[in-house]
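# Summary of the model geometry
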Number of protein chains: 6
Amino acid sequence: MNDIIRRRRSEGRAVLNGWLSIPSGVTAEVMAHAGWDTLTIDLQHGLIDLQCAIQMLQAIGTDKTLPLARPAWNEPGQIMKLLDAGAMGIICPMVNTAEEARRLVAACRYAPLGERSFGPVRASLVHGPGYWASANETILVLAMIETRRALDNLDEILAVEGLDGIYVGPADLGLSLFGDPDSESEDERAIAAIAGVRQKAQAAGKIAALHNLTPDHARRMAGQGWDFVTCGSDMRTLIQGAAENIRRFRAQD
Amino acid sequence: MNDIIRRRRSEGRAVLNGWLSIPSGVTAEVMAHAGWDTLTIDLQHGLIDLQCAIQMLQAIGTDKTLPLARPAWNEPGQIMKLLDAGAMGIICPMVNTAEEARRLVAACRYAPLGERSFGPVRASLVHGPGYWASANETILVLAMIETRRALDNLDEILAVEGLDGIYVGPADLGLSLFGDPDSESEDERAIAAIAGVRQKAQAAGKIAALHNLTPDHARRMAGQGWDFVTCGSDMRTLIQGAAENIRRFRAQD
Amino acid sequence: MNDIIRRRRSEGRAVLNGWLSIPSGVTAEVMAHAGWDTLTIDLQHGLIDLQCAIQMLQAIGTDKTLPLARPAWNEPGQIMKLLDAGAMGIICPMVNTAEEARRLVAACRYAPLGERSFGPVRASLVHGPGYWASANETILVLAMIETRRALDNLDEILAVEGLDGIYVGPADLGLSLFGDPDSESEDERAIAAIAGVRQKAQAAGKIAALHNLTPDHARRMAGQGWDFVTCGSDMRTLIQGAAENIRRFRAQD
Amino acid sequence: MNDIIRRRRSEGRAVLNGWLSIPSGVTAEVMAHAGWDTLTIDLQHGLIDLQCAIQMLQAIGTDKTLPLARPAWNEPGQIMKLLDAGAMGIICPMVNTAEEARRLVAACRYAPLGERSFGPVRASLVHGPGYWASANETILVLAMIETRRALDNLDEILAVEGLDGIYVGPADLGLSLFGDPDSESEDERAIAAIAGVRQKAQAAGKIAALHNLTPDHARRMAGQGWDFVTCGSDMRTLIQGAAENIRRFRAQD
Amino acid sequence: MNDIIRRRRSEGRAVLNGWLSIPSGVTAEVMAHAGWDTLTIDLQHGLIDLQCAIQMLQAIGTDKTLPLARPAWNEPGQIMKLLDAGAMGIICPMVNTAEEARRLVAACRYAPLGERSFGPVRASLVHGPGYWASANETILVLAMIETRRALDNLDEILAVEGLDGIYVGPADLGLSLFGDPDSESEDERAIAAIAGVRQKAQAAGKIAALHNLTPDHARRMAGQGWDFVTCGSDMRTLIQGAAENIRRFRAQD
Amino acid sequence: MNDIIRRRRSEGRAVLNGWLSIPSGVTAEVMAHAGWDTLTIDLQHGLIDLQCAIQMLQAIGTDKTLPLARPAWNEPGQIMKLLDAGAMGIICPMVNTAEEARRLVAACRYAPLGERSFGPVRASLVHGPGYWASANETILVLAMIETRRALDNLDEILAVEGLDGIYVGPADLGLSLFGDPDSESEDERAIAAIAGVRQKAQAAGKIAALHNLTPDHARRMAGQGWDFVTCGSDMRTLIQGAAENIRRFRAQD
């Protein structure tokens, strides 16, 4: 577990995670200087590929924000590359079974805990020569819970050794459960399902993390006890900021 | 003069110009879909070079916003490349004399008005085979007025044939006049100097354009009669939006 | 099914699909302005990776051609990313069994039809806010039939719900059946095998699509009743055009 | 003078030069394998910047074609960079006076002939450690003659020491003389003006080079005695090849 | 088997393989001109993705070094793309079972030996039109042996038809066996395990290849009979060279 | 003057400057972690353009080394862009006259000292909001002395206000004076000429900086009193390191 995660836990506060969907070292650097605890480079739905992710990891490295990454899928090749490139944590999409969670852990942990291949080319350069020996402790591994199947298998997933916690994707979970991908849904069933995941995770001693769109919702969820909350993606911030700029100008045009 | 410029003039409204400092086709596309009349790719202070500008011109081309560009300097090589790549207008920095304004016009206009070299490789592809014959009419050419020297030479600059108008850079103008690069200064002297440029330009039948940071200021300036106003750069929007997201989250953290 | 597919069917004409193997937004834009009904970005044999494909999707977006993509393999991570980035259809290589076809459909369709993860970051921006609700209907999903095993399993593959049709790769099919990767082979057995796939597909109410090299062959195949035909890859066009230029020059050198 | 130039002269044949406007190492490599004597990377009207030109120089280096470059303008910084990156010749746009020709030569030749700064970082790597000592002999330097002013000053330009020859740009010359940028104009005046430049250049012992669009025109011009002829740009070849493919398909659609 | 492999074998000498971890055509070109028999682009632990690998393949193509690649994982999509892009051999990570070795061979060999899909877009361009017919013979296929499981299954792996040899990764093997990723360990057990793999491979008529860090160790291993040895990665060379430069300067600072 | 320059001066030690010719954020990051006082991105002879320089500035920003840049030429557009992008100093090539030195200073200093245009887009982000007010003091401005003309005008150049010092390029200077571009020449005349520049510069209260290839020579020059010495370019280090690796392997091959 990283220092920032440990520190926030000891403070009783949620980790605040920003989100990067734009493939650019410049936008990543802007976000890195904004003050998030952690920043996640999204290689799943974000428009970002591995080569650009490396530039973004460098850009984040110009400040003290902790860099995480979401791979496109639960594939060992890409997950290991992201870690070798310096990502200090993985948020893995679509972990629906304990077997898939074990596969994720295997990709993230060195033997004997897992099967991560050795070669931390950039990670050793920027995180120091002691990187590999402590990596199994410092790398954050979160499995996304975002389907009915994952809910059904949640106890087994939470029991997987080496998994630090779960990360709820409410859009996909809502789509899977009710056909509605609203990330901040007011639907009672959605609220209950999501809260249930948090309670089970924390009862199992795992980190409970949640994807949100807006800072207001993230704040409320942190208030309810989530350990780690995301909000404010770069893409959404720019789309909404540009719309607001034009709206204000046109107001009395 | 472009259709959008002509249309806004006939409506008695200012052209609303957005600003691109981030080197990315993705952020350019987000901005292009937001609804600006025109978008300017800034190759002077923006972190953008020619190769990336071409991607951004393509991204802007996915919507109907008119693409403009600010070159790094008043150099014919770069200005002609931007036009060949499809920019439909040039906002040229640091035009301090009539000679410099003539040099700018020469780079933007085909003979006999100027000396633009023939080879509109992408412009013909995307703006159609009739591009070159009408380019001297449709390409917008604005000279930036942003130093004491430019003020001193303003009448001569405004008299240069082929120049469509001037674009005031208040940060540099304030720095040159008073040592203060505040773009939206409340200093009476700055306000007077800037207003004076607009009046002279319009009296000479030229477009009066102004750089602003915020939509509120841009709206006020449009209300005072400016023909063309900029606000809301992508970089500034993202920096402020990220700060605001964190501020809102921390509010009751 | 996309409008262009539907329109061509109602006209009784084949969809004409161009092919992109060169990793460049500029060549993609040239092709987009040429007049193809659809253009496929080839991430399998083409020299194109995801990051460049996004630029190419933007370049295609400057005209009205419909953008499709062929992923490197039948992998959900890459397929979903291509759709999120704005591809409006998937031509998936090496679908040899009904299980593989179901896996393809699962990656392309939102619940309840499939398991596509929610996050259409660019697709919503450029195809509009209504994108996701209609995506299961508008996204074209074609499975490539290109091995003996696929022929053996063709009936089962055609029965998979959510699959719009099949796309025959004659080079691989010839290689698998006869050891000969000639795409436009005159071998009677190849001709019969390929025609047989078309008949079965159309009998099952599916789109029958065929890869060709030359426009002449594509035209003949359209005449035989194929619904969707490819020809004229950018790479092949440039190789042959350059050779022809030199040949003509040398003719009387 | 390069070997290929010398060899073609001794054979009494024109050098055949291809043209690169597309910013891509892949298209450059396709062209490099097609069989041109020389290939020119166009940084003026082409959509190519320095960083991409380096990739293209590498791509051309995979075959034996000689790489040349056209800079965006007659600027020493860019010209020297292109030479350091391995270009073996410069075709410089818009050389209108002997002073401009001397400036061009100064940028291309080491002391005492010129003022080229020393640092052939890639050129030494790929052309060998003897590169610098022979560079003043092997680098080809051609000044573009493409305006009325250049015609007026032609004798003085041709007298500049260190200049290998001139390169006529008929589009710009036609625009400057008659307002018509047709590169292969049948206008008698254009034909006479262009032929006059060739005669003067060859009388002065200089290489006479001509830009053409089509191989047929290039062949005719070679037949008239031009030493060096261009045709068949990558961009034009792809645009026309794609159009031809669609035309052939639609013929009996 | 490639000519260089065959030649070295006939000479009784080991193939000397260099290693590329830096994502850059320029560093690849520097390495290509240094004199390695082969150069491997590392897409597993190296900071290199497919798009950059294509540039690097072009850069290597400017000299006569044979280009190989290590994919991120044993995945057919990426392996086939690397071969289509011109890599003349594959060093595949983490092959632990005969089934995985067969999967690797299937991705690398055309039918009937394997299932490689047909479309050698760049390979045919640069290796000639005869490329595909001889590819099953010329493409080098090496399976990495780097875990206890692989040791346990070594005989079965070596028996897989179409596999040219094995490549020992001593860091991962040491980590798997003893928890120690020292690539050039003096531990007797490690030395014995590694030597055992070589003996078994050569007894089975396969190429025995070994990853090393330093040229001194590689030389010793070649002396012990390894057929193919790696040393001197670009990244390690630059890190150590820079440190040595500073150390020498500071020595008497 | 930057802190590192000031600190070294107070210690009586030379600033140790590394050199970047390779266009890559990864190699820049490797160099940034090696321990140089300053690192200069070479946009003149290096294979680096502006867009890549921005990535390299980010990479350098992951450690505490001070980033400098050498522009391709003494052009205000490019110099200002490099400063806006975060370079903390400029080493400008080919400053031969006081007029050219004044032009350099004008590009680097804000009014009233110079004419630098206001817009420190990245510099403010990474160097803090106080950047602009202190920039005239913290930005290092060095003029390269590398021709006979520069020697002739040295006193006038050294008298230019706002210039921090001079930087001798011994290769160009040797080429200009004696036709020999040996950077570390033993020629007495070269040694005397170079030492003379140092003495004049220091007598005028300016920084005396020198380009070297090897750390041994740099150490000797620091010992002779130079204030700032360069050695160990990334390109040279990799070329020599690779050659040394192969030499050691072949030694007893």
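Residue positions are counted from 1 within each chain, in the order its sequence is given. To label them, take the chains in the order written and letter them from A, then take the ligands in the order written and number them from 1. Reporting of local features is limited, given that this is a predicted model, to residues whose pLDDT is at least 70; pairs of side-chain atoms are given and counted only at 80 or more, and all residues count toward the totals for whole chains, interfaces and linings. To obtain the side-chain values, all non-hydrogen atoms of the structure were used and water was disregarded.

## Things to note about the interface of chain B and chain A
The test is simple: Contacts: residue pairs with any heavy atoms within 4.5 Å of one another. What gets called buried area is simply the loss in accessible area from a 1.4 Å probe that two parts show on being joined, summed for both. In what follows, salt bridge is the name for a side-chain nitrogen of Lys or Arg lying within 4 Å of a carboxyl oxygen of Asp or Glu. Polar contacts here mean pairs of N or O atoms no more than 3.5 Å apart (in protein, one a potential hydrogen donor and the other a potential acceptor; neighbouring residues in sequence count only if both atoms are side-chain atoms). Helix and strand assignments follow DSSP, with helices taken as H or I runs no shorter than four residues and strands as E runs no shorter than two, numbered in order from the N terminus. Only Asp, Glu, Lys and Arg are considered charged, only Ala, Val, Leu, Ile, Met, Phe, Trp, Tyr, Cys and Pro nonpolar, and every remaining residue, Gly among them, polar.
Counting residues at the interface gives 37 residues for chain B and 37 residues for chain A. Buried area between chain B and chain A, summed over both chains or domains, comes out near 3300 Å², and the portion from carbon and sulfur atoms is 70%. In terms of surface lost to chain A, no three residues of chain B exceed B:Arg219, B:Leu238 and B:Phe249, which account for 22% of the buried area on that side. Where chain B meets chain A, there are four salt bridges. Residue B:Asp37 pairs with A:Arg250 through a salt bridge whose shortest N-O separation is 3.6 Å. Summed over the shared surface of chain B and chain A, the number is six residue pairs in polar contact (both at pLDDT 80 or more). Of all elements in the fold, only α2 (25-32), α12 (215-223), β8 (228-233) and α13 (234-251) of chain B reach the threshold of two or more residues within the side of chain B that touches chain A. In terms of residue class, the side of chain B that touches chain A is built from 20 nonpolar, eight polar and nine charged.

## A word on the packing of aromatic side chains
What counts is decided by this rule: When two rings of Phe, Tyr or Trp (its six-membered ring) have centres within 6.5 Å they constitute a pair, described as stacked for plane angles under 30 degrees, edge-to-face for angles over 60, and tilted for the intermediate range.
Counted according to the given criterion, the structure contains 30 aromatic pairs over all chains. Centroid distance D:Phe118 to D:Trp132: 5.6 Å. Interplanar angle 90°. Geometry classified as edge-to-face. Of this pair, D:Phe118 sits in the loop between α5 (98-108) and α6 (121-127) while D:Trp132 sits in helix α7 (residues 131-138), and the two are 14 residues apart along the sequence. Pairwise contacts between aromatic rings join A:Trp19, A:Tyr167 and A:Phe228 into one cluster.

## Points about the relation of the copies chain A and chain E
Rule in force here: We superpose the copies by least squares over the C-alpha atoms of residues that have a pLDDT of at least 70 in both of them.
Under the fitted operation, chain A is carried onto chain E by 0.0 Å of movement along the axis and a turn of 120°, and the coordinates agree to an RMSD of 0.0 Å. Taken together, these values place the two copies in the relation of a three-fold axis.

## Considering the arrangement of the chains
Separated throughout, chain A and chain D approach each other most closely at a C-alpha pair spaced 17 Å apart. At the C-alpha level, the nearest point of chain B lies 17 Å from chain E, with no contact between them.

## A word on the relation of the copies chain B and chain A
With an axial shift of 0.0 Å and an RMSD of 0.0 Å, the rotation relating chain B to chain A amounts to 180°. Interpreted geometrically, this transformation is the action of a two-fold axis. It is B:Leu238 whose C-alpha, among those of chain B, lies nearest the rotation axis, at 2.8 Å. Comparing interface residues between copies, 100% of those in chain B also lie at the interface in chain A; the contact surface is shared.

## A closer look at the interface of chain A and chain E
Interfaces are frequently sized by the accessible area removed from exposure as the parts join. On the side of chain E, 21 residues touch chain A, which itself brings 22 residues to the contact. When chain A packs against chain E, close to 1700 Å² is buried across both sides, 65% of that on carbon and sulfur atoms. Our count for the chain A to chain E interface comes out at zero salt bridges. Where chain A touches chain E, the interface holds 13 residue pairs in polar contact (both at pLDDT 80 or more). Among the secondary structure elements, those contributing two or more residues to the side of chain A that touches chain E are α3 (50-60), α4 (76-84) and α6 (121-127) of chain A. The element contributing the most residues to the side of chain A that touches chain E is α4(A), with five residues. A breakdown of the residues in the side of chain A that touches chain E according to their chemical character gives eleven nonpolar, four polar and seven charged.

## What to know about helix α3 (residues 50-60) of chain F
Spacing of three or four residues puts side chains on the same side of an α-helix, whose turn is 3.6 residues. The following threshold applies: Partly exposed residues are those whose accessible area sits between 20% and 50% of the maximum for their type, while under 20% is buried and over 50% is exposed, using a 1.4 Å probe and protein chains only.
Of all eleven residues that make up α3(F), nine are buried, and the element is covered over most of its length. Of all the residues in α3(F), the buried ones are F:Leu50, F:Cys52, F:Ala53, F:Ile54, F:Met56, F:Leu57, F:Gln58, F:Ala59 and F:Ile60.

## Regarding the UniProt feature "domain: HpcH/HpaI aldolase/citrate lyase" (unreviewed entry) in chain A
The line we're drawing: UniProt positions are given in the numbering used here, feature names are shortened, and annotations may be inferred rather than shown by experiment.
Feature annotation in UniProt places "domain: HpcH/HpaI aldolase/citrate lyase" (unreviewed entry) on residues 25-239 of chain A, given in this structure's numbering. When the span residues 25-239 of chain A is considered, its composition is 48% helix and 16% strand, and the gap between its end C-alpha atoms is 18 Å.

## Things to note about the pairing of strand β2 (residues 38-42) of chain F
Residues and elements named next belong to chain F. To be explicit about the condition: Any two strands between which DSSP finds at least two bridges are classified as paired. Handedness of a crossover is defined as follows: orient the strands so they point away from the viewer, and if the path from the first strand over the helix to the second runs clockwise, the crossover is right-handed.
Where burial is concerned, most of β2 is hidden: five out of the five residues are buried. The two faces of β2 match: Thr 38, Thr 40 and Asp 42 on one face and Leu 39 and Ile 41 on the other face are all buried. In terms of strand pairing, strand β1 (residues 15-20) meets β2 through four bridges, oriented parallel. The partner of Asn 17 across the bridge, within β2, is Thr 38. Between β1 and its parallel partner β2, the chain crosses via helix α2 (residues 25-32), and the hand of that crossover is right-handed. Bridge count between β2 and strand β3 (residues 66-70): five bridges; the pairing is parallel.

## Focus on the state of the cysteines
Residues and elements named next belong to chain B. The test is simple: The criterion for a disulfide is a pair of cysteine sulfur atoms lying within 2.5 Å.
Under the defined criterion, the tally for this structure stands at zero disulfides over all chains. The thiol of Cys 92 is not disulfide-bonded; the next cysteine sulfur, from Cys 108, is found 7.4 Å away. Judged by relative accessible area, Cys 92 falls into the buried class, the value being 0%.

## What to know about the packing of helix α13 (residues 234-251) of chain E against helix α12 (residues 215-223) of chain F
Defined as follows: Helix axes are fitted to C-alpha atoms over the stretch in contact, other axes to C-alpha atoms as well, and angles between N-to-C directions run from 0 to 180 degrees. Orientation categories follow fixed angle ranges, with anything under 35 degrees roughly parallel, anything over 145 roughly antiparallel, 65 to 115 roughly perpendicular, and all other angles oblique. The crossing is said to be left-handed when, going from far helix to near helix, the turn is anticlockwise and less than a right angle, and right-handed when the turn is clockwise.
Where α13(E) contacts α12(F), the axes come no closer than 8 Å and their chain directions differ by 30°. Between α13(E) and α12(F), the angle is such that the two are roughly parallel. Considering only the axes of α13(E) and α12(F), their crossing is right-handed. Between α13(E) and α12(F), the residues in contact are E:Asn245, E:Arg248, E:Phe249 and E:Ala251 and F:Pro215, F:Asp216, F:Ala218, F:Arg219 and F:Ala222, respectively. Its residues assigned to classes, the contact of α13(E) with α12(F) shows five nonpolar, one polar and three charged.

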